[in-house]
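Spelled out from the first residue to the last, the chains are:
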Amino acid sequence: MTEKDLIRRLLKEADLYRTQGLLSDAKSKYVQIFSVIGKSKVLVKNKQLVAGVKSKIRAVDRSLNELRDSPERPELSGDLQDLIKKLFSFSQTEQAAAIEGAVALAKFGQYEQALKEFQRLLDRGVLPVVTAKNMIKCYAALKTPDAAVAQFAKWKTRDFFSTEDLKYIRAFLKTTLEKEGFKTEIPEVEPKPPLPSKSKKKKEEVFLEISAISLHPQNGPMAGQTMDFDVHFQSANTVTLLIPAVQKSVADSLTPGTRLVDIQCYSPITVFRSTGTVSGTAKIKQGPRQGDYTLDITIDAD
Amino acid sequence: MAIFNAKDRIIECKLVYYGPGRCGKTTNLEYIFKAFHKQTNSEMVSINTMGDRTLFFDFLPMGLGKIRGCDVKVQLYTVPGQSRYRSTRKMVLKGVDGVVFVADSLEVRRKANLLSLKDLAENLKEEGKSLFNIPLVLQYNKRDLEQQGIPILPVETLDQDLNSKLKVPSHMASALKGEGVGTTLKEALLLTLRHLQKELHWTK
């Protein structure tokens, strides 16, 4: 193959990669062509060819730069955001689906809209700690630490966050902002004065966030064993666990009404023992966890 | 993810087109949208930016009509191939029932194919699934470029690289021309629906 033929072949390849959007591969090929030209006493004198290849390299570099500088996640239209929420929320319960939809928006970089959704959920009192954490993640992704801190200051005045919740949220906010390289002053959490009379509802609202639990059944086929579960959702003092389909016997043994006299609860700030009652079980009929079981346990608030 | 409504006899499943950036995943869906117009009951949703790169995902719902008395609906998705969109690929894979892995036959994309298949394996693992038991079809795309004198990988090399352990069906294709697109889709659907039959007994 003559040098000319080689250049022609390489140019064809490079141009095709460029049209296919394989910009790095195209650039490598143009650079290879340039090297071949440089080694040829004849071709190196062909100013038109040299200029042409240089111009192609510059053009590819421009495209690579444009691509690098383009926003990773452009803001989508409301319709597309709604579609994302719809396509990526799998839970059957309205609250869980709403959280999943908002999380999906955040995962797809629609942070502004996700913040609005989370705010709406927070106003409705849906999983406040989980929602607050997601909002903090959005602020961090938007690189607006001041807005995150201002939001936290507002939360301090909200009734549905207990002192423990606020301490936990503050710690989460601090870690998240530090991870993003922000050093921002965050207001401290002062203990709230005890409420004169706590209604049952109020007590439920300030229940500590639990991330995992260990069960030690006293009766039934699992008696004497320790079973560890992550908490999938929490609403006040009721936690929802997921039991894999292969552990059907576990799900079967924990029927509604079953008393659990030894529950170890793991919260992000403490570990404590409690008691509780199985308040519901269900087999998941659709979604990625189809066939698995949900188990609701209401932990005694006192 | 597959949903089987036994009362109304409707089954819905999710098929994801996976592969390295610029391998032709969106081109596959565009061709399906045009060629199978009767089965595509709404517009294809595609969100692109400069250079036609998929940033989020493509989405194409299809209705296959009645199969053994059951109304079969399929959602086709593509993932963004660029490495920086790993979290998006993980999201799109949630609840996946079957996968079409589109490999780029270009010689210069050999490493990209391997990395993408590894990425798929890792993301499936996080979903509690495995490359070895999910319905999977490989498609070796851009075969037509050989005629233009562009170096492409021999099928044997692609098989050796990608399919020596998996041993799943593979199809040669030129998605831009529509060649091999239909056969890939049909095989992927067949495998997926068979797999779902074992799990959900939807044809009973």
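Bear in mind that the values here come from a model prediction, so they are computed numbers and not experimental data.

Visitor: So what exactly am I meant to see when it comes to the overall build of chain B here?
Guide: Secondary structure assignment for chain B yields 5 helices and 8 strands. For chain B, the α and β elements follow one another from N to C terminus as β-β-α-β-β-β-α-β-α-β-α-β-α. Against the 2.2 N^0.38 benchmark of 17 Å for 204 residues, chain B shows a C-alpha radius of gyration of 16 Å, consistent with a compact globule. With the principal axes as the frame, chain B shows a C-alpha extent of 55 × 35 × 30 Å. Counting across all 204 residues of chain B, residues that qualify as buried make up 49%. Of the contacts formed within chain B by residues at least 6 apart in sequence, a portion of 71% connects residues at least 24 apart.

Visitor: Even after reading the chapter, I still don't get unusual backbone geometry, so can you show me in this structure?
Guide: Comment: phi is negative for the bulk of residues other than glycine, and the bulk of peptide bonds are trans. Its identity as a non-glycine residue notwithstanding, A:A236 has a phi of 55 degrees, on the positive side. You can see A:A236 is positioned in the loop between β2 (227-235) and β3 (238-243). Backbone geometry places B:R22, a non-glycine residue, at a positive phi of 65 degrees. Note that B:R22 resides in the loop between β2 (10-18) and α1 (25-35). Overall, B:R22 belongs to the buried group, with 25 C-beta atoms counted inside 10 Å.

Visitor: Would you mind showing me how to read the packing of helix α4 (residues 78-87) of chain A against helix α5 (residues 94-107) of chain A here?
Guide: Each pair of packed helices can be summarised by the angle the axes make with each other and by the distance between the axes. All names here are of chain A. Closest axis-to-axis distance for the α4/α5 pair is 8 Å, and the angle between their directions is 125 degrees. By the criterion of interaxial angle, the relationship of α4 to α5 is oblique. Crossing handedness for the pair α4 and α5: right-handed. Counted together, Q81, I84 and K85 of α4 and G101, A104 and L105 of α5 form the full contact between these two elements. Split by residue class, the contact of α4 with α5 holds 3 nonpolar, 2 polar and 1 charged.

Visitor: Honestly, the environment of A:I136 in this entry has me stumped. Any pointers?
Guide: All names here are of chain A. Tracing the sequence through the fold places I136 in helix α7 (residues 128-141). Under the C-beta neighbour-count criterion, I136 is labelled buried, with 23 such atoms within 10 Å. Considering only alpha carbons, one finds I136 and T176, 40 residues apart in sequence, at a separation of 7.6 Å. Not counting the four nearest positions on each side in its chain, I136 is found in contact with A148, F172, L173 and T176.

Visitor: Help me understand the interface of chain B and chain A, please; the structure alone is not making it clear to me.
Guide: In many reports, interface size means the accessible area that the parts give up when they come together. Contact residues are listed per partner, giving 22 residues for chain B and 26 residues for chain A. Where the side of chain B that touches chain A is concerned, the elements lending two or more residues are β3 (45-48), β4 (54-67) and α2 (86-93) of chain B. Broken down by element, the residue count for the side of chain B that touches chain A peaks at 3 residues, all from α2(B). The residue inventory of the side of chain B that touches chain A, partitioned by class, reads 10 nonpolar, 6 polar and 6 charged.

Visitor: Would you take a moment to explain α5(A) for this structure?
Guide: Note that an α-helix has 3.6 residues per turn; residues three or four places apart therefore point the same way. All names here are of chain A. Its 14 residues give α5 an end-to-end C-alpha distance of 20 Å, which sits within 8% of 20 Å, the value for a rise of 1.5 Å per residue. Taken residue by residue, α5 has A98, I99, G101, A102, V103, A104 and L105 as its buried positions. Within two residues after α5, G109 carries a phi angle of roughly 80 degrees, on the positive side.

Visitor: I keep staring at helix α6 (residues 111-123) of chain A and nothing clicks. Help me out?
Guide: Along its 13 residues, α6(A) runs 18 Å from first to last C-alpha, staying within 8% of the 18 Å computed at 1.5 Å per residue. When we look at burial in α6(A), the residues that qualify are A:Y111, A:Q113, A:A114, A:L115, A:E117, A:F118, A:L121 and A:L122.

Visitor: Got a minute to help me understand the environment of B:R86 in this structure?
Guide: With respect to the helices and strands, the residue B:R86 is situated in helix α2. The spacing of B:R86 and B:L120 is 34 residues in sequence and 9.7 Å in space, taken between C-alpha atoms.

Visitor: I would appreciate a short explanation of the nonpolar core in the present structure.
Guide: Ranked by internal contacts, the top residues of the largest apolar core, which has 90 residues, are A:I169, B:V16, B:L76, B:V99 and B:F101. For this core, the element with the most residues is helix α5 (residues 181-200) of chain B, which contributes 7 residues. With sequence-adjacent residues up to four places away left out, B:V99 is seen in contact with B:V16, B:Y18, B:L120, B:I134 and B:L136. Residues A:V239, A:A251, A:L254 and A:Y293 belong to the second largest nonpolar core, which totals 15 residues.

Visitor: Explanation requested: the confidence of the model for chain B in the structure shown.
Guide: In the predicted model, chain B carries a mean pLDDT of 93, and 97% of its residues have values of at least 70. Across the interfaces of the predicted complex, the ipTM metric reaches 0.89, alongside a pTM of 0.76.

Visitor: Help me out: how do you make sense of the packing of helix α1 (residues 3-19) of chain A against helix α2 (residues 23-39) of chain A in this one?
Guide: Residue and element names in this part refer to chain A. The contact between α1 and α2 brings their axes to 8 Å, and the two run at 165 degrees. In terms of axis orientation, α1 runs roughly antiparallel to α2. Once α1 is placed against α2, the crossing between them reads as left-handed. Where α1 abuts α2, its residues E3, L6, I7, L10, L11, E13, A14, Y17 and R18 lie against L23, D25, A26, K29, Y30, Q32, I33 and V36. Residues that form the contact of α1 with α2 fall into these classes: 11 nonpolar, 1 polar and 5 charged.

How each quantity is defined
- Residues numbered from 1 in each chain as written.
- Chains lettered and ligands numbered in written order.
- Predicted model: local features only at pLDDT ≥ 70, side-chain atom pairs only at ≥ 80, totals over all residues.
- Helix = DSSP H or I, 4+ residues; strand = E, 2+ residues; numbered from the N terminus.
- Rg over C-alpha atoms; globule rule 2.2 N^0.38 Å.
- Buried ≥ 20, exposed ≤ 12 C-beta atoms within 10 Å, placed from the backbone.
- Contact = placed C-beta atoms within 7 Å.
- Axes fitted to C-alpha atoms, helices over the stretch in contact; angles between N-to-C directions.
- Parallel < 35°, antiparallel > 145°, perpendicular 65-115°, else oblique.
- Left-handed = near helix turned anticlockwise from the far one by under 90°.
- Nonpolar A, V, L, I, M, F, W, Y, C, P; charged D, E, K, R; others polar.
- Expected span 1.5 Å × (residues − 1).
- Core = buried A, V, L, I, M, F, W, Y, C linked by C-beta atoms within 7 Å.
- pLDDT = per-residue confidence, 0-100.

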